[in-house]
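Breakdown of the fold
As a plain string of letters, each chain reads:
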Amino acid sequence: MERLAAIADEEFVVAGSNGAVTVSPANTQQVSAILALASEHRLSVAPIGGGTKQTWGGITSPHIYLSLARLNRVIEHPWQDLTCTVQAGCTWFALQQNLSQHGQFAALDALFSDRATVGGILSSNDSGALRQRYGSLRDLVIGMTLVLSDGTIARTGGKVVKNVAGYDLSKLVTGSLGTLVVITEANFRLYPLPQYERSFTLAAPQAAQLAPLLADIRASHLLTQSLQLRRSASGAHLDVCINAHPEAHQEAILAQMAKQHGLVPEECSPSIWRERETIFSADATVLRISTLPTRVCTLADQLQATQSDAQAISVSQAIGIHDVALCGSADAVASTIAQLRADAQNTVAVLQPAPGVDMPPHVIHPSALSLMQSVKRNFDPHGILNPGKFFAGA
Amino acid sequence: MSSSLTTAVLSELRRIVGDRGLITAANQLQTYECDGLTAFRVPPAAVLLPESTSQVQSILRLCHRERIPFVARGAGTGLSGGALPAEGSIVIALSRMNRILNIDIPNQQITVQPGVINANVTAAVAAQGYFYAPDPSSQTVCSIGGNVAENAGGAHCLKYGFTVTHVLEMTVVLPDGDVVTLGSKTPDAPGYDLAGVFIGSEGTLGVATEMTLRIMRKPETVQVILAAFDTISAAAQSVSDVIASGQLPAAMEIMDRLSIEAAEISVHPNYPACEALLLIELDGPQAEVDLQMAAVIDICKKNGAWETRLAVDEQARFLVWKGRKAAFAAAGRLSPNYIVQDGVIPRTSLPAVLEKLNAMAAAENLRVTNVFHAGDGNLHPIVLYNRDNPGEEERAIDLSLRILDVCVEAGGSITGEHGVGREKQCSMSYMFSDPDIETMQRVRHAFDPLDLANPEKLFPTPRICGERSRGAYAPHPLEASGIAEVF
């Protein structure tokens, strides 16, 4: 602790009741010094931002929590170039507030954006309904400052949108759950804030009744910004966000398409786009399932018809990403997960297990797994960064 | 026989690919001694033309056992020497793996082999109303495998992104012969994004033998405007103003007078004769495009455009783009030899950087003509020279590399879409510090610990760059701007 206090000031080194120490460095150089020290003494380190997704990829019990909370500034926003540079501990909400001064935004609706930080969102590769139009986080991040487990400070990518110089480590690091490096800064490409958003919802007892319309919308020219399916025991909703100039009359086109399937769109509050946050209630087991786009409605209905007594609520993105809450006995939840994993068409991650639910967080194909482990060993030879996430014992 | 491979190895290679799949005759090897960067030439020890993933696997297993370096090659159109053979290497040419394996319209995906020509992907789905977005200027001849290696871009990546945005899943043969699947047809494959780092790795991590690509719905309407300006700065200002107005065009391109003239002689696009031509393409629903186009024309006129010409129907648009895409080849009409450079700068620094480039060219008494993907700051200065004038080629290469230094100093990059290859590996040390490059090497060594895959490319090496990074020590731009410190 003294050595940590010598790096970051004493007030920023706090011992927790579980024996772990939380240290909050002030800059990239201090992050580097802390990791070099941890590496030397083989102390395990968990980088932490807002702490909203600590269970993703498996729960760890590190010696040191490395909090990025003090690296919370938007460093620059050259708005004419539609880019920005921001420190990892900045909350997503604060970043967006800052960018909106020039009518721009980082085109991603992250979970819990008032608490979730840039670094944590990158590490977990979160994405929401905006992905339909703007792509994933890996399409938005254009450069990073990274600290390796031995304290090496490295930069990857750059500040320009188009850049193929060297390997794109930003993509590798995005979604690596803090197991490869600690991110201290990131550069993003930005978009102008949408000007004409309107949200609509269409209801039906089952997702299957919405599937033909969803397929039609995907094959149409309709300018959808978001396309989401909500399903619970009480029914199904297809949510559509349109973002086009009013004179393009997209809502009339949507109504016309819906009519052909006997459905009527109703304009609704944009709060539906935050519905997926309700999936992450404390007592639920939360899964993220990937499927092909054509299986979105099928899976949503299947989740309601499982043999076990586990109750499911799902919020699915039309591109094939499903956030699913399972409630029920631990056995019932585990058996539902096992059933879902038995179907090779689903890729199932357990993001948040309820107490007593003990299932592997990820299932990675063995051939890719050994290559990933070799990447991990080359970046973190002593295995100090988030040991146990992704690969047990790595 | 000119090959440096042993007879035993050659006969094993022949067993894998058959007589038709092995080239060893010196005159036939010549075809493979360079790619689009013809200033660098190395004859390969042999060329293999595999027809399946399992043949590629057998070849790489043999290379691994015998420690033979290999270079994968697509159509050989690369402009940075990425497909240049290494001393004693074999070349694996994927041109015979050119089948489209599956088309899945409802899921908007297509699975192809690496030898498929870029434009043929769009051709395969055009009837159903879809297209494949990355469109490098060489799209009628370049292959998807090469696009993956270089993370190819094109004029439309301003709106639609690069190759990496559009590759969902790949079958990859690793340098030890293991076959892995990277990425997935469903979103976000579990674990590390190895596909994301493989794409654009310029053949240094393995050989991709099958890829599933994302296809997109063709927009309802496409319109292109040509605007003629008296200065490049006025055209560049229009680009900034369009961005500031909150619009995201599908493409924004600028050509200077020399490029316009060359295109005119070469493919007769009937461009207005002017100092700077700005080409803006908008796509989307008809009503919205009409409104946006009116706003764009307004912006151009405010910045002094003296002619604006709208191309709406497909034939008119085709001609406009044909002129732009022929710009590199058309440089041959201006000068016996030329180097196409590929730098990136923050869009807003365009006028200042251009002024510097012109001064540098004048000082060398060389002509430089420019075409830009102006929307994303990607410059393609074309350095014109005559190899027959003693010393001129060296001066042209030197000037083209110094142009990259200017791009880095402006906060940009040494390559936006052509890759580092052999051409720019020494410039890497100007853009990146040693720890940055060593961190990339950690990935390289996880995939290819023996350095067999396209060796001596992309990374600066002492043999090629000398111990010094080009010129005297120059502070890393991040360091100079006070963002970082040297440790």
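The rules we used
- Residues numbered from 1 in each chain as written.
- Chains lettered and ligands numbered in written order.
- Predicted model: local features only at pLDDT ≥ 70, side-chain atom pairs only at ≥ 80, totals over all residues.
- Heavy atoms only, no water.
- Disulfide = S-S within 2.5 Å.
- Helix = DSSP H or I, 4+ residues; strand = E, 2+ residues; numbered from the N terminus.
- Buried < 20%, exposed > 50% of the residue type's maximum accessible area, 1.4 Å probe, protein only.
- Salt bridge = Lys/Arg side-chain N within 4 Å of Asp/Glu carboxyl O.
- Domains from an automatic or database assignment.
- Buried area = accessible area lost by both parts, 1.4 Å probe.
- Polar contact = N/O pair within 3.5 Å; in protein donor to acceptor, adjacent residues only side chain to side chain.
- Nonpolar A, V, L, I, M, F, W, Y, C, P; charged D, E, K, R; others polar.

Looking at the state of the cysteines
Residue and element names in this part refer to chain B. Within the structure shown, the criterion is met by one disulfide over all chains. Note that cysteine 426 is cross-linked by a disulfide to cysteine 465, the S-S spacing being 2.1 Å. An S-S torsion of about -90° defines the bridge between cysteine 426 and cysteine 465 as left-handed. Separated by 39 residues along the polypeptide, cysteine 426 in the loop between α15 (392-409) and α16 (428-431) and cysteine 465 in helix α18 (residues 462-465) bring together distant segments of the chain. The class of cysteine 465 is buried, set by a relative accessible area of 13%. Here cysteine 274 stays unpaired: no disulfide links it, and the sulfur of cysteine 300, its closest cysteine neighbor, is 12 Å away. Of the residues examined, cysteine 274 reaches a relative accessible area of 2% and is grouped as buried. Of the residues examined, cysteine 300 reaches a relative accessible area of 0% and is grouped as buried.

Overview of the pattern of salt bridges
Residue and element names in this part refer to chain B. On inspection of all chains with the given rule, the structure shows 40 salt bridges over all chains. Notably, a salt bridge pairs aspartate 451 with arginine 444, separated by 2.9 Å at the nearest N-O pair. In this structure, a network of salt bridges that share partners links the residues Glu364, Glu392, Arg395, Asp398 and Arg402.

Digging into the domain arrangement of chain B
Residues and elements named next belong to chain B. Along its sequence, chain B is organised into domain 1 (7-93), domain 2 (100-217), domain 3 (221-330) and domain 4 (335-447). If you average the C-alpha positions of domain 3 and of domain 4, the two centres end up 24 Å apart. Around 1400 Å² of area is buried between domain 3 and domain 4 when both sides are counted, 64% of it from carbon and sulfur atoms. It is Ile254, Leu258 and Phe328 that lose the most area in domain 3 upon contact with domain 4, and together they represent 37% of the buried surface on that side. Here domain 3 and domain 4 share zero salt bridges between them. On inspection of domain 3 and its partner domain 4, the count reaches nine residue pairs in polar contact (both at pLDDT 80 or more). Sorting the residues of the side of domain 3 that touches domain 4 by element identifies α9 (232-244), β13 (251-256), α10 (257-267) and α13 (327-330) as the ones contributing at least two each. Looking at the side of domain 3 that touches domain 4, the element that brings in the most residues is α9, giving six residues. Split by residue class, the side of domain 3 that touches domain 4 holds eleven nonpolar, three polar and three charged.

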